[in-house]
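As a plain string of letters, each chain reads:
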Amino acid sequence: MTLPPYADLLGLTVDPDDEGVLIMPFADGVLGRPGFLHGGAISGLMEMAAIVAVRQALAEEGGGRIKPINVTVDFMRGGRDKPTRAQGVVTRLGTRVANVEATAWQDDRTKPIAAARLNYLIARP
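These notes cover the structure that comes with them. Here the residue numbers are simple positions, counted from 1 along each chain's written sequence. Where local features are concerned, this predicted model is filtered to residues with pLDDT of at least 70; where side-chain atom pairs are given and counted, the filter is 80 or more; whole-chain, interface and lining totals use all residues. Calculation of side-chain values draws on the structure's entire complement of heavy atoms; hydrogens and water are dropped beforehand.

## Regarding the pairing of strand β2 (residues 21-24)
To keep it simple, the criterion reads: Note on classification: 1.4 Å probe, protein chains only; a residue is buried when its accessible area is under 20% of the maximum for its type, exposed when over 50%, partly exposed between these limits. Each helix is a run of H or I in the DSSP string that is no shorter than four residues. Each strand is a run of E no shorter than two, and both are numbered from the N terminus. Paired strands, in this sense, are two strands between which DSSP finds at least two bridges.
Neither face of β2 is left uncovered, since the one carrying Val21 and Ile23 and the one carrying Leu22 and Met24 both have all their residues buried. Inspection of the sheet shows strand β1 (residues 13-14) paired to β2 by two bridges, in the antiparallel sense. Bridge pairing in β2 links Val14 to Leu22. Where β2 and strand β4 (residues 84-93) come together, four bridges link them in antiparallel fashion. Bridge assignment links Ile23 to a residue of β4, and that residue is Arg85.

## Observations regarding the environment of Asp81
The condition that has to hold: Any pair of residues with heavy atoms lying within 4.5 Å of one another is described as a contacting pair.
Inspection of the secondary structure puts Asp81 in the loop between β3 (65-75) and β4. For Asp81 and Pro25, which are 56 residues apart along the polypeptide, the C-alpha to C-alpha distance reads 8.6 Å. Those residues in contact with Asp81, other than ones at most four positions away along the chain, are Phe26 and Gly35.

## Quick look at the nonpolar core
In a soluble, globular protein the nonpolar side chains are often hidden away together inside. This is how the line gets drawn: What is meant by a nonpolar core is a set of buried Ala, Val, Leu, Ile, Met, Phe, Trp, Tyr and Cys residues, joined one to another through side-chain atoms within 4.5 Å.
Residues Leu12, Leu22, Met24, Ile42, Met46 and Tyr120 are the most contacted members of the largest nonpolar core, which totals 30 residues. Breaking this core down by element, the ones donating at least two residues are α1 (5-10), β2, α2 (39-59), β5 (97-105) and β6 (114-123). Looking at this core, the element that brings in the most residues is α2, giving eleven residues. Apart from the residues within four sequence positions on either side, Tyr120 is in contact with Glu47, Ala50, Ile51, Val54, Ile66, Lys67, Pro68, Ile69, Arg96, Val97, Ala98 and Val100.

## Some remarks on the sheet that holds β6
So the rule is basically this: Fitting a line to C-alpha atoms yields each axis, with helices limited to the stretch in contact; the angle taken between N-to-C directions then spans 0 to 180 degrees.
The six strands are arranged β1-β2-β4-β5-β6-β3 in an open sheet whose pairing can be described as antiparallel. Looking along the sheet, the strands with just one partner apiece sit at the ends: β1 and β3. In this sheet, β5 lies alongside β4 in antiparallel orientation, the contact comprising eight bridges. In the sheet register, Val89 faces β5, and the bridge partner there is Glu101. α2 contacts β2, β3, β4, β5 and β6 of the sheet and is inclined by roughly 45° relative to β4.

Honestly, it's all geometry; don't read function into it.
In structure tokens form, the structure reads like this:
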């Protein structure tokens, strides 16, 4: 799976034990206030996870290109100085629009630090 270039800036990797889950290590480049992740880094991680989910869903239907329409992020708690994971789930894949939900967590998947809803315009071949 090829990730967008922004994923390299965040240091993202694909979790080898859980397909579709991205991991962002804690580093100076994603630091907000001391000891916490920057909200933009968390949002970027969830956006990349959503893109992975949409690309996988489109690949199963013959491919296509995507363009973001709308992104809404809800922050639930501060991201601490540890690896952060995120996964996107396509909730609707229509002819022209895809709806995706993404969550980011650290130690416990059932206690997310942030959640996002993303909408993408689809251009099919």
